[in-house]
Amino acid sequence: MSSTPESRKPQIFLSYVQEDAEKVEKLYQKLSEAGFKPWMAKKDILPGEKKRSSIEKEIRNSDFFLVGLSANSVIQRGSIQREIKRALDVWEEQLDDDIYLIPVKVAACEIPERLHDFQWVDPFEDDGWTQLVKAIQVGLERRGEEVTALPEEKLEDTHQVAFDKKQSVQQPTVFISYSHKDEKEKDALLSHLGVLRQAGLIELWSDDDIKAGANREQVINQAIDRAKVAVLLISANFLSSDVLKTEIPRLLKRRQGGGLTVFPVIAKHCVWKKVDWLAEMEVRPKRGIPVWREEGIYADKELAAIAEEVAGIVEEATTNKEHNTSGSLDTRILQVLYNYWRQQPGDPKISLKELISQIPKVQQAEVIQCLYGLHEKGWLDYNLTGKAESGLVWLTQQGIKVAKTL
């Protein structure tokens, strides 16, 4: 994050125990180089200053509170526990989706119970640093503060459609529920479902998508509420985990109300038939034969079949929605136009005949009527007259345009 003389550097409080000071200093240095203003007792308390009052003042004044977690810190009493308590007090004054308190793993450890609701990050592993910086950026944006773009950060596609975001096309979300002890199996499942995401058929969600510092329970509930399919990775680890308390009740409630397909996948041998709500469901692979059996030699074959079935569920749900909702054809037309537009340079035109050919046959007779409806909503800037089916449609930065063939 680059900084200008006029911009205020976000202040970040670093909480740690003495045993972890060396590693936290590395984080301090990296945050400084990124344009932030980290604060660390070892570096920033001046000789003669009262340590406790200085720390409490900085916790209150800081934009973010990062607590370094390790096997050392989670078992220590004293100052670090007091600092966490002060930070939780500050967080209680924030809005629910604000990001303020971010648990940072500086060494392998279990997350303390009172921090379970906050997604942790390890800035020293894989893309952990990128996730930490992104969390700080998002936290500032949610408070309405201007954020200077970071180098090497991915920008959103500059091709923006001008119609209301509420009308933009959203692919069905597939929610992944699993035990963290089955991380390897979850990653294999995501690889196969990732093919569907790359094809533009679905959006994938797992708790890997929770940003550092976010309220974990709230983010998970929001993801469940917008999901169309929930894939459960069933194992003994899963059936003995907190997931049965935190995710399953909400998933089953949504399934009961309609609109969500729960898709249990038997990952490993376990007594799943003894779980009442699970025993009543159709599971995959068929007959409950685990995906990872005989040293996993059949895993790819089973996961590919599961991905294929998920694609079928999503396609059927999408088709039913198009048939049964009055506004779905509008969305389908927008989707065809948007996909066509993204694949072509400039502002390519598509004939209404070609557009109609890409709409389900049962709805093709409604296309012209629907285009008139789009015009009435203000999404078309040309008053349709004459034989509209001979016209041209295209997308521009200003929105959708329609004109008769010259």
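1. Things to note about the layout of surface pockets
Argument step 1. By volume, the second largest pocket is sized at about 1,500 Å³.
Argument step 2. Counting residues per element, the ones that place at least two in the lining of the second largest pocket are helix H5 (128–142), helix H7 (216–226) and helix H9 (243–246).
Argument step 3. Counting residues per element, the lining of the second largest pocket draws most heavily on H7, which supplies 4 residues.
Argument step 4. In terms of residue class, the lining of the second largest pocket is made up of 13 nonpolar, 11 polar and 17 charged.

2. Notes on the packing of aromatic side chains
Argument step 1. For the structure shown, the criterion picks out 4 aromatic pairs.
Argument step 2. Aromatic pair Phe13 and Trp39: ring centres 5.2 Å apart, planes at 15°, arrangement stacked. Within this pair, whereas Phe13 is found in strand S1 (residues 11–15), its partner Trp39 is found in strand S2 (residues 37–39), the two being separated by 26 residues in sequence.
Argument step 3. On the accessibility criterion, Phe13 (1% relative accessible area) is buried.
Argument step 4. For Trp39, a relative accessible area of 8% puts it in the buried group.

3. Topic: the pattern of salt bridges
Argument step 1. Going through the model one piece at a time under the given rule, you end up with 16 salt bridges.
Argument step 2. Notably, a salt bridge pairs Arg86 with Glu56, separated by 3.2 Å at the nearest N-O pair. With Arg86 in helix H4 (residues 79–91) and Glu56 in helix H3 (residues 51–61), this pair connects stretches of sequence that are 30 residues apart.
Argument step 3. For Glu56, a relative accessible area of 30% corresponds to the partly exposed category.
Argument step 4. Glu183 is paired through a salt bridge with Lys186; the nearest N and O atoms lie 2.8 Å apart. Taken together, the residues Glu183 and Lys186, both in helix H6 (residues 183–198) and 3 residues apart, mark about one turn of the helix.
Argument step 5. Here Glu183 falls in the partly exposed class, since its relative accessible area comes to 27%.
Argument step 6. In this structure Lys186 comes out as buried when scored by relative accessible area, which is 1%.
Argument step 7. Within the structure, one salt-bridge network assembled from shared partners comprises Glu183, Lys186, Asp187 and Asp208.

4. Some remarks on the side chain of Asp122
Argument step 1. Relative to the assigned elements, Asp122 resides in the loop between strand S4 (101–105) and H5.
Argument step 2. Despite its burial, Asp122 remains without a salt bridge, the nearest opposite charge being carried by Lys23 at 5.9 Å.
Argument step 3. Here Phe124 takes part through its backbone nitrogen, which lies 3.0 Å from a polar atom of the side chain of Asp122.

5. Examining the sheet that holds S1
Argument step 1. Reading across the sheet, the 4 strands line up as S2-S1-S3-S4 and stay open at both edges, with parallel pairing between neighbours. Each having just a single partner strand, S2 and S4 make up the two edges of the open sheet. Sheet twist, expressed as the average angle between the axes of neighbouring strands with direction ignored, equals 25°.
Argument step 2. As judged from the 4 bridges shared by S1 and strand S3 (residues 64–69), these two strands associate in the parallel manner. Considered in S3, the bridge of Leu14 is made with Leu66.
Argument step 3. Each of S1, S2, S3 and S4 touches helix H1 (residues 21–33); the most contacted strand, S1, lies at about 175° to it.
Argument step 4. Taken strand by strand, H3 contacts S1, S2 and S3, and its axis lies near 135° from that of S1.

Parameters at a glance
- Residues numbered from 1 in each chain as written.
- Predicted model: local features only at pLDDT ≥ 70, side-chain atom pairs only at ≥ 80, totals over all residues.
- Heavy atoms only, no water.
- 1 Å grid on protein atoms, 1.4 Å probe; cavity = no way out; pocket = protein on both sides within 12 Å on 5 of 7 lines; lining within 4 Å.
- Points joined across faces, edges and corners; volume = space filled by probe spheres on them.
- Helix = DSSP H or I, 4+ residues; strand = E, 2+ residues; numbered from the N terminus.
- Nonpolar A, V, L, I, M, F, W, Y, C, P; charged D, E, K, R; others polar.
- Phe/Tyr/Trp six-rings, centres within 6.5 Å; stacked < 30°, edge-to-face > 60°.
- Buried < 20%, exposed > 50% of the residue type's maximum accessible area, 1.4 Å probe, protein only.
- Salt bridge = Lys/Arg side-chain N within 4 Å of Asp/Glu carboxyl O.
- Lys, Arg positive; Asp, Glu negative; His and termini not counted.
- Polar contact = N/O pair within 3.5 Å; in protein donor to acceptor, adjacent residues only side chain to side chain.
- Pairing = 2+ DSSP bridges.
- Axes fitted to C-alpha atoms, helices over the stretch in contact; angles between N-to-C directions.
- Contact = heavy atoms within 4.5 Å.

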